[in-house]
Amino acid sequence: MDNILWHSVFFWAFAVITCGFAVMVVLSDNIVRMAVALIFSLSGAAGLFLLAGADFVGAMQLMIYVGGTLVLLIFGVMLTAQGPFISLKAGSGDWIIAVVMVGLSLAMLLPMAWSVPDWHGPAMGASETKTTKQTALQEEAEADQETVVVEHNVSVTEIGLSLVGVRTDLNQEDQESGQLPEGYLLPFEIVSVHLLVILIGAAYLARAKRPRKPTKYP
Amino acid sequence: MFTQPIGVAHYLVVGAILFVCGIVCMTTKRNTIGILMGVELVLSAAILNFVAFSQPAFRVDQEASLGIDGHVFALFAIVLAAAEAAVALAIALNYYNNHSTIDVDRAQDLQG
Amino acid sequence: MNLDRMLPLLLGGAWLLPLLAFAIIALGGHYLKKTSSQHRAGFLSTVAILGSFVLAVVAFSMWVSDQGLGEPHHGPEFERAQLEENQTPIQLAALAEEGEAEHAHDGVFSVSGVWYIWAQVGEQKFEIGYYIDALTICLFVMITLVASCIHFFSLGYLQEELETGIKDHLVATSAGEPFERVGRQHRFFQYLSLFCFSMLGLVLAGNLLMVFIFWELVGICSYFLIGFYFERKAAQDAANKAFLVNRIGDLGFLVGIMALWGVLGTLTFGEMSTKLAELAPETQQQASPNKTTIQAASFLQDEEAKATNDEETADWNVGLLILAGLGIFCGCVGKSAQFPLHVWLPDAMEGPTPVSALVHSATMVAAGVYLVARCYPLFTEEVLLVIAYIGVITLLMAAMMALVAVDIKRVLAFSTISQLGYMMLALGVGGWSAGVFHLITHAFFKSLLFLGAGAVIHALHHEQLLIRMGGLRHKMPWTAGMMFVGCLAIAGAGIPGLDWGLSGYFSKDALLAQAYAFAQVNPSHVYLYWLPLAGKALTAFYIFRLWYLTFAGKPREKKLYENAHEAPLVMLIPMMVLTYFAITAGWQIPFTPSSVTTILEQALPAVASFETPWAAALNYPAEYLSHQYHTKIAWTAIATAGTGFLLATIFYVWQGLRPDEVQKQFGPLFRFLQAQLYLNEVYHFLFVRPLHGIARACSWIDRHLIDPFVDRMAKGTVNLARLEDQGDRKLIDRPIDWMSASFYDLAVQLKATQTGMIRQYLVFLVLGTVGFFFIVGYLWQL
Amino acid sequence: MVESLIENWGFPEWMAYLIAATIPCVLLLHVVAVGALFFIWLERKVSGRIQDRLGPTRVGGKYGWLQSLADGVKLISKEDLVPAGADSWLFRLAPYISVSCCLAAYLTIPFAYGWVAQNLDVAVFFVLAILGLEVFGVILAGYASGSKWSLLGGMREAAQVVSYEVPLGLCVVLPVMLAGSMNLTTIAQVQSGWFTSWLIFYNPFLFVTFWIFFTCALASVNRAPFDLAEAESELVAGFHTEYSGLRWSLFFLAEYGSMFSVSALAVLLFLGGWNGPIPITSWIGWTFEYGWFWGTLGNFVGLANFIFKCSLGIVLMMWVRWTLPRLRIDQVMTICLKYCLPLVCLMLLGNLMWPWIAGPPSASFVQKRYEAYQHLHPEPTTETEADEETTAESNSVAISLPQQVNEKQKVVLTTSSTTDSSLPLQTN
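As the structure is a computational prediction, the values presented were derived from the model and not from experiment. (Residues numbered from 1 in each chain as written. Chains lettered and ligands numbered in written order. Predicted model: local features only at pLDDT ≥ 70, side-chain atom pairs only at ≥ 80, totals over all residues. Heavy atoms only, no water.)

Chemist: So what exactly am I meant to see when it comes to the overall build of chain D here?
Modeler: Within chain D, the regular secondary structure consists of 16 helices and 0 strands. Every one of the 428 residues in chain D was classed for burial, and the buried ones make up 52%. Considering only contacts within chain D whose residues lie at least 6 apart along the sequence, 75% involve residues at least 24 apart. (Helix = DSSP H or I, 4+ residues; strand = E, 2+ residues; numbered from the N terminus. Buried < 20%, exposed > 50% of the residue type's maximum accessible area, 1.4 Å probe, protein only. Contact = heavy atoms within 4.5 Å.)

Right, dumping it as structure tokens:
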């Protein structure tokens with residue numbers, strides 16, 4: 001019992017929530033229930049982000065994804081639903097194709113996920129080391145277990161500074177020599193403009209149209 | 001199970017499951033908004049992978065982690081996903097205005 | 001005060017202001033017309049010309065303060081001395097030459113310069129320049145003053161042109177209804193402004209080419225203004241006639257300009273006198289009185305011939321100079337309506353009356369006189385003689401025609417022609433300042449008379465026939481009074497004993513005195529004195545005939561009389577201004593010994609001093625010498641004028657003689673005069689009909705010789721094009737069609753893969769991706 | 001705390017963690033539950049006074065202390081109905097979503113220095129996100145009830161909350177900008193000292209922003225005059241028309257909990273947090289540095305301050321509710337998008353320009369910010385030289401972004417030189 005790693009416990013809890021509700025999204029026929037399941041699934045994912053030390057990304061996930069996007073989605077559901085609990089069921093043929101795809105995709109993805117020993121986590125790689133370099137790293141890791149388990153939380157400040165073009169997580173020498181990237185100012189600006197364009201475009205697309213009214217030509 | 005530390009691979013597996021769920025959701029739902037939800041799941045899976053790869057404590061070779069880059073990419077992905085959802089929703093509403101349905105199987109106007 | 005700098009500025013401004021008004025009305029006339037205050041175009045135009053007037057007055061005052069008013073040459077003492085000595089005419093002539101030599105080198109003060117060079121060919125430049133002397137300034141003041149008055153008058157006269165629906169009773173539609181049209185006052189003022197611009201430009205112009213340009217511009221303005229009522233056939237014809245007849249004169253003018261260019265190599269006024277001075281001594285030396293013929297040598301003489309044949313060159317120069325003089329005068333004949341080309345002016349009365357007042361009496365027609373005055377040094381004695389004779393013929397002929405005219409405006413038109421003849425005569429007999437002086441006084445009283453006539457016509461609702469008027473003095477006392485003053489002025493009324501009179505008295509007196517002096521020196525040309533004197537009687541007769549028929553006696557048409565009314569103030573006030581000047585223009589300027597004449601004499605040019613083969617016998621007395629005859633001439637003139645006045649009174653007031661009886665008595669002469677000497681018919685027979693014949697021949701050639709050829713060519717081209725079309729279709733189109741058809745088929749077959757099912761696409765996408773990764777992940781590693 | 005549990009009390013590790021997690025949970029639950037009871041009672045009294053009547057007077061004595069409790073008992077004893085046309089799963093789920101989101105927001109709210117369940121770096125953001133999630137409960141309730149009134153209420157709520165999140169988020173940016181951190185503890189620390197150092201008095205733009213924030217907060221917690229989702233004059237009772245009993249009381253609980261949390265947010269961001277208007281505790285030395293006991297005592301004073309200010313905020317909300325009439329939905333949207341949003345953008349710009357207008361922030365403010373940052377990321381004591389240098393800089397140099405960057409870069413770099421393993425270093 002003392003060996004229990006609380007981090008792992010919470011990981012599994014969140015993983016189960018995430019995956020379980022994701023499956024519920026797939027299996028549910030009612031679109032609103034799908035949405036609710038999606039909310040829980042994405043909230044679980046946000047929990048996973050927090051566990052992985054990405055506080056800011058997790059909060060963002062909650063705020064933008066769950067709080068914004070999904071409200072929009074549900075809004076859309078309500079605006080477009082014909083009956084109170086509409087369901088558009090898929091045919092069994094679709095399900096067969098889907099199962100085949102699930103099988104194929106998982107057959108591809110899962111082995112890939114486990115194919116790299118480096119990715120197995122700090123404590124699990126010992127028995128599966130293959131190269132000498134990795135062995136050395138493993139030994140080092142085992143020798144300094146405490147250090148390894150200490151998590152690194154990326155602070156908001158670092159992310160914010162990198163978005164305005166300053167990388168604080170890199171060596172100052174490397175930065176001064178000009179060989180390292182200078183942060184994400186340009187992509188940040190591009191994304192901002194992109195968002196603006198999207199806003200205008202979405203407003204334009206969704207605005208009320210009256211197709212019945214004949215166009216008057218001067 | 002609870003005694004083992006978590007690695008990137010665990011996250012990858014969760015991501016894979018999310019991804020596959022998203023794919024299945026997209027292929028089996030006839031509702032436009034259902035498909036949108038599938039897309040969200042897929043994107044979420046991708047973001048999960050980014051975040052996992054940027055945590056140095058999740059892997060043996062800690063120096064290989066993505067660090068801030070992963071977070072920033074994840075942020076961009078979230079933002080763009082929100083944008084995509086807005087536009088897709090606008091398209092769906094528009095489609096509903098014109099066709100009085102959001103069944104994608106009926107959206108065959110562009111059929112060859 | 002820097003005259004060189006300020007005068008071009010002021011006068012240039014005065015010149016360009018009307019252009020500005022013209023441009024604004026031309027571009028924004030539609031807008032100006034539409035607005036509620038519809039006088040806008042008129043006001044704009046009037047303000048512009050008033051501005052010009054102010055600038056001209058400022059320039060004039062600057063000139064006067066700088067150059068003085070001029071002094072009478074050789075005051076009364078000199079004249080008396082001359083009389084006492086009782087010299088013979090020949091001696092006087094000799095004296096004249098001496099005096100002339102004195103005066104010629106007094107130098108004429110002038111300001112000239114160049115604003116812009118618009119073409120340069122080798123050494124020769126064509127410039128936009130100016131030449132300002134006393135003549136320019138006086139004419140500027142006169143033109144802008146008269147034009148301002150007439151602008152104001154027009155505001156009242158053309159009041160009805162502001163309305164949107166005007167019934168023109170002189171034009172009938174096919175239905176027999178009066179023609180109805182939209183008023184176009186703004187067009188009128190637009191043309192008027194353009195005219196003022198052109199006229200001022202003509203006076204300001206620094207060289208003959210510029211003069212020619214503005215000459216043509218006033219011509220086109222005259223065309224527009226005569227044809228202002230262009231719906232009327234008569235107005236159209238009159239406008240065309242004026243334009244074409246003027247072209248004939250202008251052709252001569254152009255020839256004259258070219259000839260002058262050939263002689264002097266310059267057209268700039270400022271350079272002319274120096275060039276002439278260079279030319280003169282040489283010519284005098286070379287010219288021999290015996291040589292009466294000119295060898296027919298080519299214009300394109302080569303250098304050697306020129307060098308070896310100096311005599312011929314000199315003769316050529318003189319010949320060309322004469323040609324130039326005649327050519328320029330030819331232009332003046334056209335513009336100033338002198339004898340053979342006068343036919344357009346009576347017809348030009350079809351235009352609105354203010355136009356007749358401004359353009360066809362006061363300013364434009366005087367442009368010919370101005371040009372003669374301006375180019376005075378260029379004219380050889382023969383040319384001057386021709387000018388004098390043409391002037392005499394014109395004045396007499398026109399005066400006689402005026403006797404029989406029944407249209408009030410036509411009487412004034414003939415009167416104008418006649419008075420222009422007087423001016424030409426004066427210039428032709430060496431009376432430069434007398435001619436120009438008469439030009440200025442005439443401008444005032446003739447425009448006054450025309451405006452009076454306009455007021456009458458306005459009052460009678462466009463009735464112009466004298467025989468239907470009468471008794472109007474009761475209805476229009478102001479107009480009648482001012483017209484009477486105008487009549488007195490044109491008749492030259494004055495009191496010789498007191499040397500007091502109206503403006504016409506002074507100018508005509510000077511003019512006749514000069515003619516008398518000339519006749520004294522050259523006895524063979526004595527008619528140049530007697531005929532104008534007779535003309536003076538005629539003038540008095542016809543002008544008072546006009547006045548009596550219009551204003552005196554009893555009304556002949558009751559209805560017209562009842563509806564008549566006095567002109568509005570806007571028309572009366574300009575007339576009053578003009579009346580004032582018609583009375584006082586000839587007077588001495590208070591507290592000075594000077595008058596308009598003396599100011600003008602500051603610009604007195606030297607008389608041509610070429611001895612030419614043909615007219616060596618002529619003597620030109622200097623103008624100041626004619627002063628000795630003034631008293632005598634004045635008495636004679638007033639007597640003849642009094643005769644004319646008396647006759648008119650007998651005919652039309654006392655009814656002592658009945659006009660219709662006289663008319664019967666002189667039937668053929670009457671008809672001859674009324675038909676304007678049948679000149680129109682003669683011109684029609686001589687020029688118009690042959691021209692029509694030539695045109696018909698050209699038309700026949702066009703239709704029967706050229707057209708078939710062109711038609712054949714076209715047909716051949718069409719056939720060629722057909723052939724090519726076939727080739728296009730079979731050789732080029734077909735393969736391309738085949739290609740596009742096969743692509744289309746291919747596309748039709750391929751489109752089956754586009755199902756439009758989003759989910760299907762997605763499945764393909766996923767399967768493709770998975771397959772790709774399988775290949776990359778497993779096969780690639782092997 | 002975990003360590004002390006293990007070492008001093010001998011608990012097994014897992015139980016220690018469990019206890020350490022449970023204590024804050026229970027405390028927070030009590031804050032919400034007791035707070036809600038109190039505020040419901042307060043609302044009834046306040047509304048009574050405003051309407052010129054007494055309000056509850058019987059239960060629990062003269063002032064009706066126990067009225068809320070009696071109501072609670074009544075509600076629990078009521079029958080829990082699910083309409084036949086409802087989507088029963090979602091219908092049952094909705095109140096829990098609401099109330100759990102409301103509770104989750106308290107995770108990161110510091111009640112006094114260090115008295116916070118989870119000292120998140122992104123606390124402000126997290127609170128906003130969670131408050132945004134709360135709307136799901138309302139929407140689902142509206143949808144799942146199978147009633148048109150409820151559906152309309154839910155739709156209104158969705159539109160309103162999504163719209164008001166934008167100006168709300170922008171309002172929050174201003175204090176965050178000034179404090180240089182999203183950590184609520186840090187933001188509150190920056191405002192220590194006299195009440196003039198509260199951020200609301202920092203400059204006129206912030207003063208205006210506070211009121212915008214208050215308006216938007218009212219709208220986002222669905223209080224009058226923005227209570228369109230439950231407009232009883234139009235929609236019967238809006239999204240909770242079909243609810244009864246305990247589930248209905250959960251919605252009520254969530255509403256009062258949210259009111260408290262937005263008030264807390266306003267207090268922390270603008271009104272100095274747990275700092276009193278006069279810095280008495282620091283004069284008498286009851287700061288956490290002085291010792292565990294006196295520090296804790298000082299913290300209790302701070303807690304009292306904090307709760308008092310939050311309660312004032314809530315009373316203000318009640319005052320507004322019983323004073324202003326309800327708006328129409330289009331007016332609500334107009335206020336948000338046409339007035340609040342441009343205004344707060346203007347305030348943001350103005351706040352950015354403020355150093356140009358009024359000069360750099362005072363040295364004391366910079367010092368406080370630096371100290372707050374030091375508390376968050378304690379520097380190794382050995383690096384005295386860097387410390388002095390940074391302090392000197394922050395004292396003397398005016399506020400500007402590059403300077404901040406330098407400061408932080410320096411801090412990060414000095415840390416990385418001592419503890420390599422805790423920081424990622426990309427070598428490729």
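Chemist: Would you explain the overall build of chain C in this entry?
Modeler: The number of helices and strands found in chain C is 29 helices and 6 strands. Residues counted as buried form 51% of the 782 residues belonging to chain C. Considering only intrachain contacts with a sequence separation of at least 6, the fraction spanning at least 24 residues in chain C is 80%. Counting only carbon and sulfur atoms, one obtains 65% of the accessible surface of chain C, whose full area is about 35600 Å². (Areas by Shrake-Rupley, 256 points an atom, 1.4 Å probe, with all protein chains shown as cover.)

Chemist: Even after reading the chapter, I still don't get the packing of aromatic side chains, so can you show me in this structure?
Modeler: Aromatic rings considered in pairs are described by the distance between their centres and by the relative angle of their planes. A complete count under the given rule lists 60 aromatic pairs over all chains for this structure. Plain terms: the ring middles of Phe541(C) and Phe651(C) are 5.6 Å apart, the flat faces sit at 75° to each other, and that makes the pair edge-to-face. Within this pair, whereas Phe541(C) is found in helix H21 (residues 527-551), its partner Phe651(C) is found in helix H25 (residues 630-652), the two being separated by 110 residues in sequence. For the ring pair Phe252(D) and Tyr256(D), a centre distance of 5.5 Å and an interplane angle of 55° mean the geometry is tilted. One end of the pair, Phe252(D), and the other, Tyr256(D), are both in helix H10 (residues 245-270), 4 residues apart, so they sit about a helical turn from each other. Using a relative accessible area of 3% as the deciding quantity, one classes Tyr256(D) as buried. One residue, Lys508(C), lies across the ring of Tyr422(C), its end atom 4.9 Å from the ring centre. (Phe/Tyr/Trp six-rings, centres within 6.5 Å; stacked < 30°, edge-to-face > 60°. Lys NZ or Arg CZ within 6 Å of the ring centre and 35° of its normal.)

Chemist: I keep staring at the packing of helix H4 (residues 92-115) of chain A against helix H1 (residues 8-28) of chain B and nothing clicks. Help me out?
Modeler: The relative placement of two packed helices comes down to the angle between their axes together with the axis-to-axis distance. Following both chains from N to C, one finds H4(A) and H1(B) inclined at 160°, their axes separated by 9 Å at the closest point. The angle between H4(A) and H1(B) falls in the class roughly antiparallel. Crossing angle aside, the handedness with which H4(A) passes H1(B) is right-handed. Taken together, the residues of H1(B) that come into contact with H4(A) (itself represented by Asp94(A), Trp95(A), Ala98(A), Met101(A), Val102(A), Ser105(A), Leu106(A), Leu109(A), Leu110(A), Ala113(A) and Trp114(A)) are Ala9(B), His10(B), Leu12(B), Val13(B), Ala16(B), Phe19(B), Val20(B), Ile23(B), Val24(B), Thr27(B) and Thr28(B). Class assignment for the residues of the contact of H4(A) with H1(B) results in 17 nonpolar, 4 polar and 1 charged. (Axes fitted to C-alpha atoms, helices over the stretch in contact; angles between N-to-C directions. Parallel < 35°, antiparallel > 145°, perpendicular 65-115°, else oblique. Left-handed = near helix turned anticlockwise from the far one by under 90°. Nonpolar A, V, L, I, M, F, W, Y, C, P; charged D, E, K, R; others polar.)

Chemist: I keep staring at the interface of chain A and chain B and nothing clicks. Help me out?
Modeler: The accessible area lost on association of the parts is a frequent measure of interface size. Across the boundary between the two partners, chain A contributes 91 residues, which contact 74 residues of chain B. Between chain A and chain B, roughly 7700 Å² of surface is buried when both sides are summed, and carbon and sulfur atoms account for 77% of that area. Here chain A and chain B share 0 salt bridges between them. The tally of links from chain A across to chain B stands at 6 residue pairs in polar contact (both at pLDDT 80 or more). Counting residues per element, the ones that place at least two in the side of chain A that touches chain B are helix H1 (6-27), helix H2 (31-51), helix H3 (55-80), H4, helix H5 (132-143), helix H7 (156-163) and helix H9 (185-206) of chain A. Partitioning the side of chain A that touches chain B into residue classes produces 64 nonpolar, 19 polar and 8 charged. (Buried area = accessible area lost by both parts, 1.4 Å probe. Salt bridge = Lys/Arg side-chain N within 4 Å of Asp/Glu carboxyl O. Polar contact = N/O pair within 3.5 Å; in protein donor to acceptor, adjacent residues only side chain to side chain.)

Chemist: Sorry, what's going on with helix H13 (residues 329-358) of chain D here?
Modeler: Since there are 3.6 residues in each turn of an α-helix, residues three or four apart along the chain are aligned in direction. All names here are of chain D. In this model, H13 (30 residues) spans 40 Å end to end at C-alpha, consistent with the 44 Å of a helix rising 1.5 Å per residue. The largest bend in H13 comes to about 40°, at Leu 352, with the proline Pro 355 one to four residues further on. Against the buried residues of H13 lie helix H6 (148-179) and helix H8 (204-220). Directly beyond the C-terminal end of H13, a positive phi value near 85° is found at Gly 359. (Expected span 1.5 Å × (residues − 1). Bend = angle between axes of the 7 residues up to and from the residue.)

Chemist: What am I meant to see in the pairing of strand S2 (residues 124-132) of chain C here?
Modeler: Taken residue by residue, a regular strand's side chains alternate between the two faces of the sheet. Residues and elements named next belong to chain C. Judged from the 9 bridges that link them, strand S1 (residues 111-121) and S2 form a sheet pairing that is antiparallel. When the bridges of S2 are listed, Gln 120 appears paired with Lys 125. Between S1 and S2, which pair antiparallel in sequence order, lie 2 residues; one of them, Gly 122, sits at a positive phi of approximately 60°. (Pairing = 2+ DSSP bridges.)

Chemist: Quick question: what am I supposed to make of the interface of chain A and chain C here?
Modeler: Between chain A and chain C, the residue contacts involve 10 residues of the former and 8 residues of the latter. Together chain A and chain C conceal approximately 750 Å² of surface at their shared face, both sides included; 81% is due to carbon and sulfur atoms. Looking only at chain A, the three residues that lose the most surface to chain C are Met101(A), Leu104(A) and Met108(A), adding up to 56% of its buried area. Seen at the junction of chain A and chain C, the total is 0 salt bridges. Across the contact surface, chain A and chain C share 0 residue pairs in polar contact (both at pLDDT 80 or more). Of the residues in the side of chain A that touches chain C, the class split is 8 nonpolar, 1 polar and 1 charged.

Chemist: What should I look at first to understand unusual backbone geometry in this one?
Modeler: Among all residues save glycine, negative phi is the norm, and among peptide bonds the norm is trans. Residue and element names in this part refer to chain C. One non-glycine residue, His 462, lies in the positive phi region at around 65°. As for its position among the elements, His 462 is in the loop between helix H17 (432-459) and helix H18 (472-475). By relative accessible area, His 462 is classed as partly exposed at 38%. If you check the backbone angles, Gln 676 has positive phi at about 55° while not being a glycine. With respect to the secondary-structure elements, Gln 676 resides in the loop between helix H27 (667-674) and helix H28 (679-750).

Chemist: How do you make sense of the environment of Thr584(C) when you look at a structure like this?
Modeler: Mapping Thr584(C) onto the fold places it in helix H23 (residues 569-584). For the pair formed by Thr584(C) and Thr441(C), sequence separation is 143 residues and the distance between their alpha carbons is 9.1 Å.

Chemist: Looking at this model, I keep getting lost on the confidence of the model for chain C. Mind explaining?
Modeler: Close reading of the predicted structure is inappropriate where its pLDDT is low. All names here are of chain C. Looking at chain C, the pLDDT average stands at 82 and 87% of residues meet or exceed 70. Counted against residues more than four places away or in other chains, residues 99-106, with its pLDDT under 50, gives 9 contacts. Taken together, the stretch residues 282-307 has pLDDT below 50 and engages in 23 contacts with residues farther than four places along the chain or on a different chain. (pLDDT = per-residue confidence, 0-100.)

Chemist: It is not clear to me how a nonpolar patch on the surface should be interpreted in this structure. Could you clarify?
Modeler: Residues and elements named next belong to chain D. On the surface, a cluster of nonpolar side chains totalling about 1100 Å² of accessible area is made up of Trp 194, Phe 195, Phe 201, Phe 207, Val 208, Trp 211, Ile 278, Ile 280, Trp 283, Ile 284, Leu 343 and Leu 346. Those elements giving two or more residues to the nonpolar patch turn out to be H8, helix H11 (280-284) and H13. Assignment of secondary structure puts Phe 201 in the loop between helix H7 (184-190) and H8. Assessed through its relative accessible area of 41%, Phe 201 is described here as partly exposed. (Patch = residues over 30% accessible without salt bridge, like charges linked within 9 Å, V, L, I, M, F, W, Y side chains within 5 Å.)

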